[in-house]
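# Structural characterization, general
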Amino acid sequence: MKKSIGGNTILHPHPVVLVATYDKDGKPNMMTAAWAGICCSKPPCVGVSLREATKTYHSIMHSKAFTVNIPSRDFVKQADYAGLVSGSKADKFKVTGLTPVKSEVVNAPYVKELPVALECMLKQSVQIGLHTQFIGEILNVLCDEEVLGPNGLPDIEKLKPLIYATGNMAYYSVGGFVQKAFTIKEYGK
């Protein structure tokens, strides 16, 4: 029997990403977000939902650009810190030892040490309630060669991305292979 838990943000998994921007003075900043995901395939777009209270929100509004950086499980401490401390109070790049690199495609930095970075131009913003969803058109994706699979795309088992579980406020990493997608032509055979 199912039990109702009311309206909630339970949709597992939530990817953990670091959104990086330049503020109005050109200073790099990053913040951790778990309200993120692909929202369109053509053009390729990603959505990240942020509160207006964050420095990153205002930086995106100003620069119209951001990067979405995917941390592997090796960067869980840096990701947790970047989500807890305001960029108005600390230089999160300096404290975590991570390196901002100026994108050649958009007016935003990416995080050098993280294995994947999506370089995004702001396409649209939608104020939903407490959060505003920023929809970024992905103009380029940068990947460390070590996480690429034989098809030239990031391999999830090599990447080992972090995911966030809202219910118990904890980080996890992606598990192993289950089944190849788009293979069942007839159910039950």
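Structure shown above.
## Description of helix H2 (residues 76–84)
Where H2 is concerned, the buried positions are Gln78, Ala79 and Ala82. Buried residues of H2, seen end-on, are gathered within an arc of 100 degrees and therefore sit on one face of the element. Of the residues in H2, the exposed ones pointing more than 90 degrees away from the buried face are Lys77 and Leu84. For H2, the elements touching its buried residues are strand E2 (17–22), strand E3 (28–33), helix H3 (92–96), strand E11 (162–165) and strand E12 (170–173).

## As for the packing of aromatic side chains
Each aromatic ring pair is specified by the distance between its two centres and by the angle formed by the two planes. Tallied over the entire structure, the rule returns 2 aromatic pairs. Look at Tyr57 and Phe134: their rings are 5.4 Å apart centre to centre, the planes differ by 70 degrees, and that puts the pair in the edge-to-face class. Here Phe134 lies in strand E10 (residues 131–143) and Tyr57 lies in helix H1 (residues 55–63), a separation of 77 residues in the sequence.

## Some points on the side chain of Ser103
Secondary-structure assignment places Ser103 in the loop between strand E7 (100–102) and strand E8 (109–111). Judged by relative accessible area, which is 5%, Ser103 ranks as buried. A polar atom in the side chain of Ser103 sits 2.6 Å from the side chain of Glu119. With near-sequence residues (within four places) excluded, Ser103 lies in contact with Ala108, Pro109, Tyr110 and Glu119.

## Observations concerning the sheet that holds E12
Judged by pairing direction, the sheet is antiparallel, and its 3 strands sit side by side in the order E1-E11-E12 without closing on themselves. With one partner strand each, in any of the chains shown, strand E1 (14–15) and E12 form the two edges of the open sheet. Looking at chain direction, E11 and E12 are connected through 4 bridges and run antiparallel. Paired with Leu162 across the bridge in E12 is Ser173.

## Here's the deal with the nonpolar core
Residues Val19, Phe66, Val68, Leu118 and Phe134 are the most contacted members of the largest nonpolar core, which totals 21 residues. Element by element, the count of residues in this core is highest for strand E9 (residues 116–127), at 4 residues. Excluding its chain neighbours within four sequence positions, the residues that come into contact with Val19 are Asn29, Met30, Met31, Ala33, Val48, Thr56, Ile60, Phe66 and Thr67. The next biggest cluster of nonpolar side chains, apart from the first, holds 14 residues, and it includes Leu18, Ala20, Met30 and Leu98.

## What to know about the layout of surface pockets
Considered as a void within the structure, the largest pocket measures approximately 700 Å³ in volume. As for the largest pocket, its lining consists of 28 residues, and the residues nearest its centre are Met31, Thr32, Ala33, Arg51 and Gly83. Residue contributions to the lining of the largest pocket peak at 5 residues, all from E3. Of the residues belonging to the lining of the largest pocket, the class tally is 15 nonpolar, 9 polar and 4 charged. Estimated volume of the second largest pocket: approximately 570 Å³. Taken together, 21 residues form the lining of the second largest pocket, with Pro15, Ile38, Ile70, Ile156 and Leu159 sitting closest to its centre. Elements represented by at least two residues in the lining of the second largest pocket include exactly strand E4 (36–41), strand E6 (65–70), E9, helix H4 (156–159) and E11. It is E4 that provides the largest number of residues to the lining of the second largest pocket, a total of 3 residues. A per-class count over the lining of the second largest pocket returns 20 nonpolar, 1 polar and no charged.

Quick notes on the rules
- Residues numbered from 1 in each chain as written.
- Predicted model: local features only at pLDDT ≥ 70, side-chain atom pairs only at ≥ 80, totals over all residues.
- Heavy atoms only, no water.
- Buried < 20%, exposed > 50% of the residue type's maximum accessible area, 1.4 Å probe, protein only.
- Helix = DSSP H or I, 4+ residues; strand = E, 2+ residues; numbered from the N terminus.
- Arc of directions from axis to C-beta.
- Contact = heavy atoms within 4.5 Å.
- Phe/Tyr/Trp six-rings, centres within 6.5 Å; stacked < 30°, edge-to-face > 60°.
- Polar contact = N/O pair within 3.5 Å; in protein donor to acceptor, adjacent residues only side chain to side chain.
- Pairing = 2+ DSSP bridges.
- Core = buried A, V, L, I, M, F, W, Y, C linked by side-chain atoms within 4.5 Å.
- 1 Å grid on protein atoms, 1.4 Å probe; cavity = no way out; pocket = protein on both sides within 12 Å on 5 of 7 lines; lining within 4 Å.
- Points joined across faces, edges and corners; volume = space filled by probe spheres on them.
- Nonpolar A, V, L, I, M, F, W, Y, C, P; charged D, E, K, R; others polar.

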